[in-house]
Amino acid sequence: MKVVLIGLGQAGGKLTQALATYDYEMGFDAIRDALAVNTARADLQSLEIDTMLIGQDRVKGHGVGGDNELGAEIMQSEATEVLDGLDGRITSQAEGIFVVAGLGGGTGSGGAPVLAKELKRIYDIPVYVLGILPGRSEGSIYQANAGRSLKTVAREADATLLVDNDAWQSADESVEEGFETINQQIAQRVGLLLASGEIVEGVGESVVDSSEVINTLRPGGIAALGYASAEASPDSAENINTITSLARKALLTGTSLPNAVEAETALLVIAGEPDRIARKGVERARRWLEDETGSLEVRGGDFPLESDRLAALVLLGGVERSQRLQAFLDRATEAYEQASQQQAEPAADFQNDDLENLF
């Protein structure tokens with residue numbers, strides 16, 4: 001699936017850089033172009049991809065300081081300039097656009113919904129958001145920002161692929177090391193998903209193509225991505241149980257949104273040497289996925305990849321609310337209530353039907 005990436009804010013820019021680097025190093029050529037957009041000049045200087053500074057009249061290149069309302073205002077006022085900067089990048093070859101953003105900061109969380117809406121107005125290909133939820137330890141302002149941003153971005157985008165910062169961060173890592181680990185984890189998983197169906201050496205029996213990714217994300221709302229890998233036997237018959245076990249791990253313990261199991265649609269991709277992929281194992285895993293997710297629309301296929309390991313990717317579309325996501329929404333609401341105590345408007349305004357309608 002050939003896509004164009006637009007990274008917003010500090011987290012979005014760094015993750016877009018990681019995705020572009022992984023795609024280039026693997027030779028997938030799924031990412032056709034990448035652009036990082038930010039209100040903070042310093043955050044753009046370390047990136048190797050193309051960059052664009054916005055909001056200079058308002059914040060003088062110093063960022064919005066976590067103010068996502070200001071981030072939204074700046075993106076709204078400079079949307080035309082951003083779209084002009086994308087001219088020539090989003091060509092007829094692109095099959096989708098990903099807006100990549102941390103939902104807890106200012107520029108990304110405020111700008112992502114605005115940019116997604118503008119992109120959908122201009123382009124007739126799907127516009128997705130790859131959104132990063134802040135971890136429990138990242139402070140109340142980030143929780144409140146993400147709660148507000150999630151409401152609007154999930155409504156504006158064709159689908160929002162969520163990654164919980166707490167999903168893969170190790171307890172013994174520093175904050176910086178944790179973010180780096182998460183970026184690498186996301187780059188590998190999303191990179192493999194986007195590369196599915198691209199031209200690679202080896203021919204699988206049932207190769208996934210971009211239409212299956214798009215159709216899996218068609219329900220909109222929230223999406224999640226699971227992953228697991230293991231060493232494979234040269235004999236495909238010995239990998240039947242390996243494949244079914246990988247599918248279980250990918251869904252139950254390896255998703256970007258922990259505990260997200262029930263979904264409207266699902267896609268199972270088994271990556272590895274075609275001669276090592278057991279067809280019986282793929283079919284068993286797909287049937288198990290149907291039962292576990294409660295979905296009547298589960299797709300499956302191969303991704304030929306030169307490796308002595310097998311990997312399972314599980315993409316969920318139209319995800320039902322999970323315990324982890326409910327816990328995040330509760331934290332976001334609490335943070336918003338604390339910030340609203342001195343304001344005239346009641347915090348109950350935050351708890352509206354918009355969130356319920358996402359699931």
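Residues numbered from 1 in each chain as written. Predicted model: local features only at pLDDT ≥ 70, side-chain atom pairs only at ≥ 80, totals over all residues. Heavy atoms only, no water.

Caption draft 1: Up close: the packing of helix α4 (residues 68-77) against helix α6 (residues 107-122). Contact pair α4 / α6: the axes reach a minimum separation of 6 Å and the direction vectors enclose 35°. Taken as a pair, α4 and α6 cross one another with a handedness that is right-handed. Along the contact surface, α4 presents N68, G71, A72, M75 and Q76, while α6 presents T107, S109, G110, G111, V114, L115 and E118. For the contact of α4 with α6, a count of residues per class yields four nonpolar, seven polar and one charged. (Axes fitted to C-alpha atoms, helices over the stretch in contact; angles between N-to-C directions. Helix = DSSP H or I, 4+ residues; strand = E, 2+ residues; numbered from the N terminus. Left-handed = near helix turned anticlockwise from the far one by under 90°. Contact = heavy atoms within 4.5 Å. Nonpolar A, V, L, I, M, F, W, Y, C, P; charged D, E, K, R; others polar.)

Caption draft 2: Fine view of the sheet that holds strand β7 (residues 222-231). In space, the ten strands of this open sheet follow the order β3-β2-β1-β4-β5-β6-β7-β10-β8-β9, with mixed pairing throughout. Looking at the sheet topology across the chains shown, the edges are occupied by β3 (50-53) and β9 (297-304). Across the sheet, the mean angle separating the axes of adjacent strands is 20° when strand polarity is ignored. The pairing of strand β1 (residues 3-8) with strand β2 (residues 31-38) spans six bridges and is parallel. Counted as the bridge partner of V3 is I31 from β2. Contacting β5 (127-133), β6 (159-164) and β7, helix α7 (residues 140-156) crosses the sheet at an angle of about 145° to β6. (Pairing = 2+ DSSP bridges.)

Caption draft 3: Highlighting the layout of surface pockets. Estimates place the volume of the largest pocket at around 1000 Å³. Lining the largest pocket are 46 residues; nearest its centre among them are Q10, A11, G12, K14 and F179. Of the residues that constitute the lining of the largest pocket, the class distribution is 16 nonpolar, 23 polar and seven charged. (1 Å grid on protein atoms, 1.4 Å probe; cavity = no way out; pocket = protein on both sides within 12 Å on 5 of 7 lines; lining within 4 Å. Points joined across faces, edges and corners; volume = space filled by probe spheres on them.)

Caption draft 4: Here's a closer look at α4. Every buried residue of α4 is accounted for by N68, L70, G71, I74 and M75. Summarising the axial view, the buried residues of α4 lie within an arc of 150°, below the 170-degree limit, and thus occupy one face. For α4, the exposed residues lying more than 90 degrees away from the buried face are E69 and S77. Buried-residue contacts for α4 involve β1, β2, α3 (56-59), α5 (79-85), α6 and α7. (Buried < 20%, exposed > 50% of the residue type's maximum accessible area, 1.4 Å probe, protein only. Arc of directions from axis to C-beta.)

Caption draft 5: A look at the UniProt feature "binding site: GTP" (unreviewed entry) in the protein. As annotated in UniProt, the feature "binding site: GTP" (unreviewed entry) corresponds to Q10, A11, G12, G13, K14, G106, T107, G108, E138, N165 and N183 in the numbering used here. Residues that both appear in the annotated list above and line the largest pocket are Q10, A11, G12, K14, G106, T107, G108, E138, N165 and N183. Mapped onto the elements of the fold, G13 is located in helix α1 (residues 9-26). What G13 contacts, discounting residues up to four positions off in sequence, is G7, L8, A36, L47 and I49. With respect to the helices and strands, the residue N183 is situated in helix α8 (residues 175-195). Relative accessible area serves as the criterion here: at 12%, N183 is assigned to the buried category. (UniProt positions renumbered as here; feature names shortened; annotations may be inferred.)

Caption draft 6: Layout of the pairing of strand β10 (residues 309-319). Counted residue by residue, β10 has ten buried out of eleven residues, so it is predominantly covered. One ladder, built from eight bridges, connects β7 with β10; its direction is antiparallel. Each residue of the ladder has a partner; that of S229, found in β10, is A311. Relative to β10, strand β8 (residues 263-272) runs antiparallel, the two sharing eight bridges. Bridge pairing links I270 to A312 in β10.

Caption draft 7: Representation of the side chain of E212 in the model. When you line up the elements, E212 lands in helix α9 (residues 210-216). One buried charge, E212, has no salt-bridge partner; the nearest side chain with opposite charge is R299, at 5.5 Å. Polar contacts involving the side chain of E212 include one to the main-chain amide nitrogen of D209, which spans 2.9 Å. (Lys, Arg positive; Asp, Glu negative; His and termini not counted. Salt bridge = Lys/Arg side-chain N within 4 Å of Asp/Glu carboxyl O. Polar contact = N/O pair within 3.5 Å; in protein donor to acceptor, adjacent residues only side chain to side chain.)

Caption draft 8: View of the pairing of β5. Taking burial as the measure, the seven residues of β5 include seven buried ones, the bulk of the element. Residues V127, V129, G131 and L133 of β5 are buried on one face, and the alternating residues Y128, L130 and I132, pointing to the opposite face, are buried as well. Sheet topology places strand β4 (residues 96-102) next to β5; six bridges connect them, and they run parallel. Note on β5: the bridge partner recorded for V100 is L130. Of the crossover connections in this fold, the one passing from β4 over α6 to the parallel β5 is right-handed. In this sheet, β6 lies alongside β5 in parallel orientation, the contact comprising six bridges. (Right-handed = clockwise from strand over helix to strand, strands pointing away.)

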